[in-house]
Amino acid sequence: MAAMNPDEIISILKEEIKNYDEISKDQEVGTVISVGDGIATVHGIDHAMYGEVVTFENGLKGMVQDIRANSIGCILFGKDTGIKEGTKVARTQKQAGVPVGDAFIGRIVNALGAPIDGKGEIKADGYRPVENPAPGIIDRKSVTVPLETGILSIDSMFPIGRGQRELIIGDRQTGKTSVALDTILNQKGKDVICIYVAIGQKASTVAKIVSTLEKHGAMDYTTVFSSTASDCAPLQYIVPYAGTALAEYFMYKGKDVLMVYDDLSKHAVAYRALSLLLERSPGREAYPGDVFYLHSRLLERSSRLNEKAGGGSITALPIIETQAGDLSAYIPTNVISITDGQIFLESDLFNSGMRPAVNVGLSVSRVGGAAQAKAMKKAAGSVRIDLAQYREMEIFTQFSSDLDEATTQQLKYGSGLMELLKQPLSSPLSLHEQVITLCAATHKAMMDVETKKMKKYQRDMLDYFDSAYPEIGREIEEKRQLPDELAEKIVKVAEEFADKSR
Amino acid sequence: MTETSINYAKALYELSVPEEAVSETEKIFRSTPQLKGALENPLVSLKEKEHVIDRVFPQEMKNFLKVTCKYQKISSIYDILEAYCNYSRKQKGILKAVLTYVTKPEEAQKEKMEDFLRREFGAKEVILTLREDKSLIGGFILSAGDKEFDWSLRGRYNNLRQKLTRR
């Protein structure tokens, strides 16, 4: 905001005060009985609705979360300092909601939609409830358009479609956030609005993510919702719903939206804290009985609408952090069963240098296949099986001395493929680059390359394709198909490049 | 106030015990706190308790108190009596309201307010409690039930401050 001189400020204040003529209406008022840990118990306001926003005397807002016979439990959206026994609480008769609008793109906001990036006020075009019912059956359409992540291993084997919910799951430090961030970076120029929701993260981590996004020009189409670890549990609980409310605003306008929830295990922990303080009975792992509903109602809001309903989509990439690779813990199993597939990242793979550390055996995409480009489907057809065979045979590499020729070849081919699936951070591959790489590799045109030099060879080969035969790439991008002649041509050029570089 | 005490209070109201007897009972309980202790003590036999009740309490309340003793609900007797007052007020259409003021209202103003409350809440009678509070700066706050009509300077000042500092 431009600097204002004191006179201006005073005149604005005077004007505000002069125009202030709010005649106080009657209000339904209750009093606080007890307060603590972000929860206030209120006596009175007997008619308050579940989920209604209430305001405290000092202007703090809260939400009704628990209605008992003679009292009401409210969660507080902020610090509870200044709230004591006897503080008055008034009803607002409104459901909790956030302001929404096109101006939110490129901004960083808190759980209630207020800007926290110091770039001034955000002009809102509307107000949407935080808890909104998911689109019904009639409004939906099946997933057919791909959402390209730019990551070869994901796009080839576990394709994601617009409107799908694909879980990213793995231990700490396995590159979960990186996969999601790379996906956001790859949406540049693809007419997809991205919303990154940080739940219970360190503020420093969020700052780092924002700077990465800014560096690659991704903030032009991204909104960041942030509720850091220092925010109270109610804010952490509400933030993914608030982010989804903004996403829905765009979806009903016909836009495609990519949501990243980072991460839902912390969200469940925040909700557990809330529920225990509200005296709901704890269940497995001390989570309340409705944690499943907590996540299912959130992720159910991701969908692809048909043209009649607006025609947009929300693709969700929830992230879950497991403890020591335990997929059978409570929250991971819940979210796995809710989503349409998962990308499982493994620390062993990560540490052995396989990055992104996607576990090919345990990852799956249940609906993305329908959305995958024909060209990619054809090029990647055999990759999964080849890799499975390679993994089965990998044990034999220890007895490498006496292996027959066929097995040696198979092992070499497999290790080459594994090498190709490695991909450094923030370097997404476009569709034609992925198709050419896979086509050349599966037709064994890259068998003679040393494993160590594979990545450089791949880059050089793709550059050679783009400079010498740009029409191949163009055809793939335009028609998104891979007829046999084109495949043959790719293999021929790849062999030609192999001869040249020898 | 628990559901149980409300149910006991309703039963007491429907017994059509004269109100004087009920207030007399409360007075007895308040004046001798040991009485409640003795009546809720499980070591004292029911017979002895009944004996005490017969000797101490007004005729109309005896049966009610005996039943309450029998089901060991004497511990919440104050709750029951309070619920009784609320319930009987509600049944008779009496509204309890509090007026917090800075300058004492004139008789005509008070009457008008009572009129307003009668209209607003559909009550037959209004019991207006007056309470002085200089911290309001000016104006008054009228509250009845869960509703509050804030016409005080402090309330308006608070609202203005929240409006100006709101993000």
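Residues numbered from 1 in each chain as written. Chains lettered and ligands numbered in written order. Predicted model: local features only at pLDDT ≥ 70, side-chain atom pairs only at ≥ 80, totals over all residues.

So, on to the overall build of chain B. Along chain B, the regular secondary structure elements total eight helices and four strands. Across chain B, helices and strands are ordered from the amino to the carboxyl terminus as α-α-α-α-α-α-β-α-β-β-β-α. Whereas a compact globule of 167 residues would reach a radius of gyration of roughly 15 Å, chain B reaches 22 Å, over 25% beyond that. With respect to the three principal axes, the spread of C-alpha positions in chain B is 65 × 35 × 25 Å. Long-range contacts, defined as pairs at least 24 residues apart, comprise 65% of the intrachain contacts of chain B with a sequence gap of at least 6. (Helix = DSSP H or I, 4+ residues; strand = E, 2+ residues; numbered from the N terminus. Rg over C-alpha atoms; globule rule 2.2 N^0.38 Å. Contact = placed C-beta atoms within 7 Å.)

This part covers the nonpolar core. If you look at the biggest cluster of nonpolar residues, it comprises 135 residues, and the most contacted ones within it are Ile184, Ile195, Val197, Ala242, Val257 and Met259 of chain A. Broken down by element, this core gets its largest block of residues, 13 residues, from helix α5 (residues 233-252) of chain A. Once residues within four sequence positions are removed from consideration, Ile184 of chain A is found in contact with Cys194, Tyr196, Leu213, Ala218, Thr222, Leu258 and Val260 of chain A. The next biggest cluster of nonpolar side chains, apart from the first, holds 15 residues, and it includes Ile53, Ile74, Ile80 and Ala83 of chain B. (Core = buried A, V, L, I, M, F, W, Y, C linked by C-beta atoms within 7 Å. Buried ≥ 20, exposed ≤ 12 C-beta atoms within 10 Å, placed from the backbone.)

Take the interface of chain B and chain A next. A common way to express how large an interface is: the accessible area buried when the components associate. Across the contact, 17 residues belong to chain B and 17 residues belong to chain A. For the side of chain B that touches chain A, the elements supplying multiple residues, two or more each, are β4 (147-150) and α8 (153-165) of chain B. Counting residues per element, the side of chain B that touches chain A draws most heavily on α8 of chain B, which supplies seven residues. Class assignment of the residues belonging to the side of chain B that touches chain A gives a composition of five nonpolar, four polar and eight charged. Bridge count between strand β1 (residues 26-36) of chain A and β4 of chain B: three bridges; the pairing is antiparallel. Bridge pairing links Glu28 of chain A to Lys147 of chain B in β4 of chain B. (Nonpolar A, V, L, I, M, F, W, Y, C, P; charged D, E, K, R; others polar. Pairing = 2+ DSSP bridges.)

Another aspect to go through is the UniProt feature "domain: ATPase F1/V1/A1 complex alpha/beta subunit N-terminal" (unreviewed entry) in chain A. According to UniProt, the "domain: ATPase F1/V1/A1 complex alpha/beta subunit N-terminal" (unreviewed entry) feature falls on residues 27-92 of chain A. The straight-line gap between the two end C-alpha atoms of residues 27-92 of chain A is 9 Å; of that span, 0% is helix and 59% is strand. (UniProt positions renumbered as here; feature names shortened; annotations may be inferred.)

Residues and elements named next belong to chain A. Residues annotated by UniProt as "site: Required for activity" (unreviewed entry) correspond here to Ser363. Mapped onto the elements of the fold, Ser363 is located in the loop between α9 (347-351) and β16 (364-365). Given 21 C-beta atoms within a 10 Å radius, Ser363 is considered buried. Ser363 has contacts with Phe158, Gln342, Ile343, Phe344 and Val358, leaving out every residue within four places of it along the chain.

On to the sheet that holds strand β11 (residues 192-201) of chain A, then. Strands in a sheet are paired, the pairing made by backbone hydrogen bonds, and the direction either parallel or antiparallel. All names here are of chain A. Strand order in the open sheet formed by eight strands is β8-β12-β11-β13-β14-β10-β15-β16, with mixed pairing between adjacent strands. Only two strands of the sheet have a single partner each, and these edge strands are β8 (108-109) and β16. Looking at chain direction, β8 and strand β12 (residues 222-228) are connected through two bridges and run parallel. When the bridges of β12 are listed, Val109 appears paired with Phe225. Across the sheet, helix α4 (residues 203-215) is in contact with β8, β11 and β12; its angle to β12 comes to roughly 170°. (Axes fitted to C-alpha atoms, helices over the stretch in contact; angles between N-to-C directions.)

All right, on to the environment of Phe149 of chain B then. Locating Phe149 of chain B in the fold gives a position in strand β4. Each C-alpha atom, one on Phe149 of chain B and one on Lys90 of chain B, is 21 Å from the other, the two residues being 59 residues apart in sequence. Those residues within four positions of Phe149 of chain B in sequence are excluded, and the remaining contacts are Asp26 of chain A together with Ile141 and Leu142 of chain B.

All names here are of chain A. Their axes nearest at 11 Å, the elements helix α13 (residues 431-442) and helix α14 (residues 454-468) cross at an angle of 115°. Crossing of α13 over α14 shows right-handed handedness. Side by side, α13 and α14 meet where Glu433, Ile436, Thr437 and Ala440 of the first sit next to Gln458, Met461, Leu462 and Phe465 of the second. The residue makeup of the contact of α13 with α14, split by class, is five nonpolar, two polar and one charged. (Left-handed = near helix turned anticlockwise from the far one by under 90°.)

Further remarks concern the pairing of strand β15 (residues 341-345) of chain A. In regular strands, side chains alternate between the two faces of the sheet. Residues and elements named next belong to chain A. With four of its five residues buried, β15 lies for the most part within the structure. Across four bridges, the pairing between strand β10 (residues 167-170) and β15 is parallel. When the sheet's bridge partners are listed, Gly170 is paired in β15 with Leu345. Summarising the sheet, β15 and β16 pair through two bridges and their orientation is antiparallel. The partner of Gly341 across the bridge, within β16, is Ser365.

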